[in-house]
Amino acid sequence: MELSGIAAYLVSFFTFVGIYAILALGLNMQWGFTGQFNIGVAGFFAVGAYTSAILTVPESPWHVGGFGHPFLVGIAGAMVASALLGLLIGWITARLRTDYLAIATIGIAETLRLIIANESWLTNGVRGMSGIDRPFAGVFQTLGLTSAMGTLIVVTTFLVAVYFLVERARQSPWGRVLRAIRENEPAAEAAGKDIGRFRLQAFVAGSAIMGLGGALYAHYFGFLSPEAFMPLYGTFLVWVMLIAGGSGNNKGALLGAVVIWSIWSGSEFFMSAALPDAWSGQSGPLRVILIGVLLQVILISRPQGLLPERAPKTVPFGKVANRKERA
Amino acid sequence: MDLLIDLIQLSIYGIVLGSILTLGAIGVSMIFGILRFAHFAHGDLMTIGAYVGLSFLVFTGAPVWWALPAGMVGAALTALLVDQAVYKHIRRTQPVILLISSFGMALVLRSVVQLVWGPNVYSYTGGIQRPWWFGDIAIVPNHVWILLAAVLIVAALHLFLTRTRMGKAMRAMSDNMDLALVTGIPAERVILITWILGGMLAAGAGVLLGMDSRLTPTMGWNILLPVFAAAILGGIGRPYGAIAGGMIIGLAMEISTLYLEPSYKPAVAFVIMVAVLIVRPQGIFKGTL
């Protein structure tokens with residue numbers, strides 16, 4: 001009994017780590033590689049979650065739905081919807097300083113939260129949407145696995161795929177251009193790169209990844225309400241993860257997700273055990289202060305994070321020439 | 001005819017909201033002008049000011065308007081503390097790191113408010129005020145005091161910025177940082193004064209917002225987006241533009257309730273801001289961003 005409880009906890013722990021790691025990788029593409037300040041992660045996360053939920057849930061008298069599409073269609077829809085949102089925001093702010101992007105993204109996240117809470121025909125408002133199925137539950141059942149374990153496998157699969165794609169992008173010439181823009185915009189422009197275009201591509205790609213994270217969250221949790229998309233959970237934790245792990249470094253994003261989620265969920269246990277009863281209602285704010293102070297300490301003492309960014313191996317000039325000859 | 005009366009009534013609310021937004025937006029604009037970053041903890045600084053003012057009233061039993069100076073002292077001290085403890089150490093790196101830090105600070109300040117004062121809803125004065133009627137138009141006494149206080153605060157700030165050496169130094173630093181520094185303006189002192197003024201303005205906005213409605217831990221955060229919209233509309237880094245920006249956003253938010261759910265008010269501010277970013281990103285008065 002005890003053991004299965006621990007196993008169930010670990011499954012849930014790693015599923016959350018996986019989902020947050022996907023969000024952190026998406027943010028890494030925007031902020032870590034390109035220096036674009038998206039402070040509305042929660043908005044993209046919410047669009048992904050609700051899109052996938054609406055596409056897949058059975059019919060309900062409380063909100064639109066009943067399309068009954070399979071899980072993978074929901075995932076694809078979520079990524080497309082988030083990417084379109086990213087395209088819109090990126091297009092508006094492409095020519096402006098990154099402070100404007102920050103303000104615009106937090107604006108879109110807050111506006112989306114208002115829409116989700118108020119348009120109950122679409123999302124059932126604050127009462128939330130339920131009945132979102134876990135992926136391939138039937139298949140995993142025949143293999144003797146619970147649906148939670150199955151979801152963990154699906155989330156891990158997506159995480160591995162996203163990690164390899166983002167890592168490949170980082171090492172590619174495209175990734176080099178992004179870093180060049182981040183480090184020295186005029187120089188990148190002088191080298192003939194269309195800065196706005198590259199920025200937009202990175203922003204849209206990162207948004208799509210965040211949408212994927214949102215969809216996976218919806219299918220794992222099975223229930224969505226506007227509460228889950230408060231800037232605290234959706235945005236702040238992801239930022240702390242990326243900065244603690246090391247922005248610009250994809251392994252750092254993964255490590256940050258593990259470390260910060262351990263601290264965040266561990267502090268819940270610790271505080272419920274250590275705090276006197278009169279204070280038990282205060283554990284929420286205390287945990288936020290803990291993570292917030294941790295962020296400030298990291299920014300002051302180790303801004304590069306646990307795993308600092310390292311440039312990919314440079315290819316000696318001769319090798320490139322040889323490769324071309326062979327081709 | 002009814003529509004006209006509604007319009008006048010809502011415009012009064014709009015001017016009241018606009019004067020609150022103006023105080024916040026001037027602070028955001030000033031901080032941007034001197035320190036070159038969008039201060040995301042500004043809304044929660046307002047909350048701190050409002051709650052400190054509340055505690056002062058509760059402990060001393062002073063008349064309501066004392067919440068204003070008390071809140072100003074509280075928020076200015078908080079801003080100084082945050083600057084000395086955190087922002088000061090990361091100022092030398094890119095300004096955008098300060099932005100991340102201030103976003104984290106916003107959540108810390110809000111959590112501190114929740115810890116100290118709890119999640120309850122408070123108000124400065126119990127009961128509902130009886131409005132003054134002018135024909136079919138009602139004016140709540142508090143609204144008059146809010147507007148008056150905002151005008152006084154802005155006038156005092158104007159005198160400070162135009163008549164004192166420090167005020168002139170601040171404007172010089174906001175206009176052209178390099179030029180100001182080579183003329184020997186004491187940058188560190190100007191930054192400290194900026195935080196004190198920014199904190200006081202934030203508290204002004206927070207206390208007046210609390211007088212207009214109620215005090216909740218998220219009151220400042222919820223108004224941050226309209227404040228930024230006002231600052232951008234006025235041209236960020238331009239304190240005087242913030243007055244125009246605040247009024248336009250405030251009026252638009254209130255008048256929109258004729259056609260939209262009131263809970264969409266922040267979204268109206270956001271839509272105007274997006275339109276400004278597309279059409280004229282430097283704002284009405286050319287900003288420094």
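Computed from a predicted model, the values in this text were never measured in an experiment.

*Asks:* I would appreciate a short explanation of unusual backbone geometry in the present structure.
*Replies:* Note on backbone geometry: most residues besides glycine have negative phi, and most peptide bonds are trans. The backbone of Phe 136 of chain A shows a phi angle near 50°, a positive value even though the residue is not glycine. With respect to the helices, strands and loops of the structure, Phe 136 of chain A is situated in the loop between helix H5 (120-123) and helix H6 (137-142). A positive phi is found at Arg 36 of chain B, a non-glycine position, where the angle reads about 60°.

*Asks:* How should I be thinking about helix H10 (residues 239-255) of chain B in this particular structure?
*Replies:* An α-helix turns once every 3.6 residues. As a result, residues three or four positions apart point the same way. All names here are of chain B. The end-to-end C-alpha separation of H10 is 25 Å, in line with the 24 Å expected for 17 residues at 1.5 Å each. For H10, every residue scored as buried is listed here: Pro 239, Gly 241, Ala 242, Gly 245, Gly 246, Ile 249, Gly 250, Met 253 and Glu 254. On its buried side, H10 packs onto helix H1 (2-35), helix H9 (219-234) and helix H11 (265-279).

*Asks:* Would you mind going over the pattern of salt bridges with me for this structure?
*Replies:* Pairs may arise between side chains of opposite charge once their charged atoms sit close together. Tallied over the full model, the rule gives 11 salt bridges over all chains. Arg 91 of chain B is the salt-bridge partner of Glu 188 of chain B, the closest N and O atoms lying 2.9 Å from each other. Highlighted residues: Glu 188 of chain B in helix H8 (residues 187-212) and Arg 91 of chain B in the loop between helix H3 (67-90) and helix H4 (95-117), separated in sequence by 97 residues. For Glu 188 of chain B, a relative accessible area of 34% corresponds to the partly exposed category. When salt bridges that share partners are traced, they join Arg 182, Glu 183 and Glu 309 of chain A into one network.

*Asks:* Just to check I follow, could you spell out a nonpolar patch on the surface for this structure?
*Replies:* Residues and elements named next belong to chain A. A cluster of nonpolar residues, Leu 3, Ile 6, Tyr 9, Leu 10, Phe 14 and Phe 269, forms a patch on the protein surface that exposes about 620 Å² of accessible area. The element best represented in the nonpolar patch is helix H1 (residues 2-33), accounting for 5 residues. Inspection of the secondary structure puts Leu 3 in helix H1.

*Asks:* How do you make sense of the nonpolar core when you look at a structure like this?
*Replies:* Generally speaking, a soluble globular protein has its nonpolar side chains buried in company with each other. Ranked by internal contacts, the top residues of the largest apolar core, which has 188 residues, are Leu 216 and Leu 224 of chain A together with Phe 40 of chain B. Looking at this core element by element, the count peaks at 14 residues for H1 of chain A. If we skip the residues at most four places from it in the chain, Phe 40 of chain B touches Ile 39, Ala 102, Ile 103 and Ile 106 of chain A together with Leu 99, Ser 102, Phe 103, Ala 106, Trp 221, Leu 224 and Phe 228 of chain B.

*Asks:* Is there a simple way to explain the interface of chain B and chain A in this structure?
*Replies:* Interface size, as often reported, equals the accessible area lost upon joining of the parts. On the chain A side, the residues contacting the 39 residues of chain B number 41 residues. Contact between chain B and chain A buries roughly 3600 Å² in total, counting both sides, with carbon and sulfur atoms accounting for 79%. Linking chain B with chain A are 0 salt bridges, by the criterion used here. Where chain B packs against chain A, one counts 4 residue pairs in polar contact (both at pLDDT 80 or more). Those elements giving two or more residues to the side of chain B that touches chain A turn out to be H3, H4, H9 and H11 of chain B. Considering only residue class, the side of chain B that touches chain A consists of 32 nonpolar, 6 polar and 1 charged.

*Asks:* In this structure, what is going on with the environment of Trp 239 of chain A? I would like to understand it.
*Replies:* Turning to its location among the elements, Trp 239 of chain A is positioned in helix H11 (residues 231-245). Spatially, the C-alpha atom of Trp 239 of chain A lies 17 Å from that of Ile 108 of chain A, the residues being 131 residues apart in sequence. When near neighbours in sequence (up to four residues on either side) are disregarded, Trp 239 of chain A contacts Leu 27, Trp 31, Phe 37, Asn 38, Ile 39 and Val 41 of chain A together with Ile 100 of chain B. At 2.9 Å, the side chain of Trp 239 of chain A and the backbone oxygen of Asn 38 of chain A are in polar contact.

Conventions we followed
- Residues numbered from 1 in each chain as written.
- Chains lettered and ligands numbered in written order.
- Predicted model: local features only at pLDDT ≥ 70, side-chain atom pairs only at ≥ 80, totals over all residues.
- Heavy atoms only, no water.
- Helix = DSSP H or I, 4+ residues; strand = E, 2+ residues; numbered from the N terminus.
- Expected span 1.5 Å × (residues − 1).
- Buried < 20%, exposed > 50% of the residue type's maximum accessible area, 1.4 Å probe, protein only.
- Contact = heavy atoms within 4.5 Å.
- Salt bridge = Lys/Arg side-chain N within 4 Å of Asp/Glu carboxyl O.
- Patch = residues over 30% accessible without salt bridge, like charges linked within 9 Å, V, L, I, M, F, W, Y side chains within 5 Å.
- Areas by Shrake-Rupley, 256 points an atom, 1.4 Å probe, with all protein chains shown as cover.
- Core = buried A, V, L, I, M, F, W, Y, C linked by side-chain atoms within 4.5 Å.
- Buried area = accessible area lost by both parts, 1.4 Å probe.
- Polar contact = N/O pair within 3.5 Å; in protein donor to acceptor, adjacent residues only side chain to side chain.
- Nonpolar A, V, L, I, M, F, W, Y, C, P; charged D, E, K, R; others polar.

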